[in-house]
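# Observations on the three-dimensional arrangement
Here's the letter readout for the chains.
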Amino acid sequence: MTPEEAVKRAERGDLLPVWLLMGEERFVRDQALAAIVKSALAAGVPEFNLDTFTAGDTSIDKVLAATRTVPMMAKKRVVIVRGLDRWDGAADDDTKTLSPLDKIAEYTKAPVDSTCLVLVAHKLDGRRKLVALAKKNGLIVDCAAIDQKKLPGWILARARSKGHAIESDVAELIAEIAGPDLSYLDDVLERLSLYVGPNAPITEDAVSVTVTRVRLADIWKLVDAASTRELGKVLTFFADVYDPRDRGLPLVGAIAWSVRQLLKLEIALRQGDSLDEAARRAGIFPAFRAREHEKKLRTFRPRELERWLLILQETDLALKSSRRPADAILEEMFTRLCHRAA
């Protein structure tokens, strides 16, 4: 099941005796865990009915003993085991004794009804008996990292949950500059929410002020100058907007968002759409901006936008993994963008 399905299930009181929250996306994992614990302990005293263990720091026998402890002044007891990965591949010194994960697998066959056992793991070997039984019985909550393509949709939904309207292109911009970490994205949206105020829409201007520290007008100036091969002007603009504190990552993300908008417009126009229809498909509003973008497209040669995106992706990777100075990496990027491919 998805983390969203797990949260809804917990909120209506439909609690499983065993849950396996597995995946690297901590934000949704923590949301599901919080919903399960809140629902299970709603009618009891948490201090008396909640045990939290870390695999490896606590023996499996102590964990299983906790699951068999009777709830105190409550209907349910919750036992949480974090870092289950630390038991993956582990076995007891006595080879005749089941490994910790196999002991848990045996427990899942006849769990204690009055206990909610919540197992938290980053990743487990799919061949494990525990994983196989959890899949068979629908105990797994898939907390895998969200696909990059789905980030704008997640941002739209999260913004609405905070009471804010947001255009799809603005959601795409936030996804580009803030990256795939949902915890950080949620923090970004919270800052935007506080900045725009209750029930106000989240706009490009708000993003420029609170997230990128670079006005989108300046991003378009960079794109325009690079598209006309004016490297000197590009480097002058870059010197004005570069912030060494973030290594230029939001700047690269904002440029990538701009290029993707142009590419989507170009594809729609190439397919025979009118400018208004192409702009709608590309998420470009209002009409005057669509006309501006159409004009910008004329400065690009065929397939050049795709080449730009490849350069931007390579730059993003270099900024995150290379020991080279960030400003040197970015200057090289702009030089490559300004160079007309043969």
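So, a few notes on the structure that sits alongside this text.

Each value, and the rule that gives it
- Residues numbered from 1 in each chain as written.
- Predicted model: local features only at pLDDT ≥ 70, side-chain atom pairs only at ≥ 80, totals over all residues.
- Heavy atoms only, no water.
- Pairing = 2+ DSSP bridges.
- Helix = DSSP H or I, 4+ residues; strand = E, 2+ residues; numbered from the N terminus.
- Right-handed = clockwise from strand over helix to strand, strands pointing away.
- Axes fitted to C-alpha atoms, helices over the stretch in contact; angles between N-to-C directions.
- Contact = heavy atoms within 4.5 Å.
- Core = buried A, V, L, I, M, F, W, Y, C linked by side-chain atoms within 4.5 Å.
- Buried < 20%, exposed > 50% of the residue type's maximum accessible area, 1.4 Å probe, protein only.

### Examining the pairing of strand β2 (residues 50-54)
Pairing of β2 with strand β3 (residues 77-82) involves five bridges; the strand directions are parallel. Directly across from threonine 54, in β3, lies its bridge partner arginine 82. Considered for its hand, the β-α-β crossover made up of β2, helix α4 (residues 60-67) and β3 is right-handed.

### Quick notes on the sheet that holds strand β4 (residues 115-121)
Strand order in the open sheet made by the five strands is β2-β3-β4-β1-β5, with parallel pairing throughout. The sheet is open, and its two borders are formed by β2 and β5 (140-142), each paired with just one other strand. Across the sheet, the mean angle separating the axes of adjacent strands is 15° when strand polarity is ignored. Two strands pair when backbone bridges link them, and strand β1 (residues 18-22) and β5 are joined in this way by three bridges, in the parallel orientation. By the bridge assignment, leucine 20 is partnered in β5 with isoleucine 140. Against the sheet, α4 contacts β2, β3 and β4, and its axis sits at roughly 160° relative to β3. Across the face of the sheet, helix α5 (residues 100-109) comes into contact with β1 and β4 while running at roughly 145° to β4.

### Brief notes about the nonpolar core
Inside soluble globular proteins, nonpolar side chains tend to come together where they are buried. Trp19, Leu21, Leu84, Ile174 and Ile255 are the most contacted members of the largest nonpolar core, which has 114 residues in total. Sort the elements by how many residues they give to this core and helix α13 (residues 249-270) lands first, with 11 residues. Residue contacts for leucine 84: discarding those within four places in its chain leaves Leu20, Ala55, Leu101, Ile104, Leu119, Val120, Ala121, Leu124 and Leu130.

### Concerning unusual backbone geometry
With a phi angle near 65°, asparagine 199 is a residue other than glycine that sits in the positive phi range. Residue position: asparagine 199 is located in the loop between α9 (182-196) and α10 (204-212). The residue arginine 229 is not glycine, and still its phi comes out positive at about 65°. Within the secondary structure layout, arginine 229 lies in the loop between α11 (216-227) and α12 (231-241).

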